[in-house]
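Chain by chain, the residues:
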Amino acid sequence: MHIGRVEAESPLLVVTLRDRTEVEAGRAARFEAEAKYRALVEHIPAVVYLDPVDENSESIYVSPQVVELLGIEQDEWLTDPYAWRHHVHPEDIDRAWDEYRHAYNAHEPLNHEYRMVHEDGSIRWVLEQAYPIDDEQGNPWLIQGVIFDITERELAEEQVAFLAYHDKLTGLPNRSLFTQLLSRALVQAQREAHGVAARLFRQQRHLQSVRQREALRAGVEVRRCRVECLAGEHGRLGLERVSRHGDIGVVRRREPGEPRVRTPRAAVLRRTGLARH
């Protein structure tokens, strides 16, 4: 209701009434919706956030669970555009950011795991699930996501994997790990053995060819020495000549009274095919 006065010859009082039923109903509905949303996001065991896609813009909303997850206040997350980046593990930051950008550029849901660093230096494994929200033109506008702390799950999985190959009491490798390592060693040994066998085979063939060449060279030298000895002893033994009939050498002894015929050493070598060229 609004009351006003109009100055005239006779003063007038103006009263205006407006029906605010719909306004109050809308306000109540909005308050109820906000209360339900806060009750939902502020009591689930996860960090809920609403961010613009622009990395340099400030965050729009983050739930109070960010204090427990990272050890920072909500205001720090909302006012520092790089609060998330500063708390992602250095070894995971590039991969996590690339996956984040791919999700909103491709209009696809985001679902990935990475490590974050608490203010006290402890490492927290997290699972982030987010969904891009487009504007009226269909362009990426906002990212609404949830970050779950899965550190206990990761530690449990690591413990299960460790106990699968180690003794629970002593922590020493068990039979399963020994068998697996032995199998790998045998496979590696077989691969190396095949390689060694191939090298040995090649070396053996090379040695055989070397031996054959050496044997041939030695045979030639022996034959040359025999011919040289035959040529040197020709006169003393009374050998007339050395002739070749096919592949058979014929030596005939000189008869008494026949003149001695000396065959030059070079001729002997030439006839036997061992003359130097």
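Definitions and limits used
Residues numbered from 1 in each chain as written. Predicted model: local features only at pLDDT ≥ 70, side-chain atom pairs only at ≥ 80, totals over all residues. Heavy atoms only, no water. Core = buried A, V, L, I, M, F, W, Y, C linked by side-chain atoms within 4.5 Å. Buried < 20%, exposed > 50% of the residue type's maximum accessible area, 1.4 Å probe, protein only. Helix = DSSP H or I, 4+ residues; strand = E, 2+ residues; numbered from the N terminus. Contact = heavy atoms within 4.5 Å. pLDDT = per-residue confidence, 0-100. Phe/Tyr/Trp six-rings, centres within 6.5 Å; stacked < 30°, edge-to-face > 60°. Polar contact = N/O pair within 3.5 Å; in protein donor to acceptor, adjacent residues only side chain to side chain.

A. Broad picture of the nonpolar core. Grouped together as the largest cluster of nonpolar side chains are 25 residues, with contacts concentrated most on Tyr49, Trp77, Trp84 and Tyr114. Only strand S3 (46–52), helix H2 (66–70), helix H4 (83–87), helix H5 (93–105), strand S5 (110–117), strand S6 (123–134) and strand S7 (140–149) provide two or more residues apiece to this core. At 6 residues, the largest contribution of residues to this core is made by H5. Among residues more than four places away in sequence, those in contact with Tyr114 are Trp84, Val88, Asp92, Arg95, Ala96, Arg124, Trp125, Val126, Glu128 and Ile147.

B. View of the confidence of the model for the protein. Across the protein, pLDDT averages 75, with 64% of residues at or above 70. Mean pLDDT per element in the protein: strand S8 (residues 239–245) is the minimum at 44, and S5 is the maximum at 95. Per-residue pLDDT stays below 50 along residues 235–251; that stretch engages in 29 contacts with residues further than four places along the chain or on separate chains.

C. Highlighting the packing of aromatic side chains. Enumeration over the complete set of coordinates arrives at 5 aromatic pairs. Measuring from ring centre to ring centre gives 5.8 Å for Tyr100 and Tyr104, while their planes differ by 80 degrees; the resulting arrangement is edge-to-face. In this pair, Tyr100 and Tyr104 both sit in helix H5, 4 residues apart, roughly one turn of the helix. The pair formed by Tyr100 and Tyr104 is uniform in burial state, with each residue classed as buried.

D. Summary view of unusual backbone geometry. Of note, the phi angle at His107 is positive, near 55 degrees, even though the residue is not glycine. Tracing the backbone through its elements, the reader meets His107 in the loop between H5 and S5.

E. Structural detail: the side chain of His112. If you trace the backbone, His112 turns up in strand S5. Separated by 2.6 Å, the side chains of His112 and Glu99 make a polar contact. Setting aside anything within four residues of it in sequence, one finds His112 in contact with Ala96, Glu99, Val126, Leu127 and Glu128.

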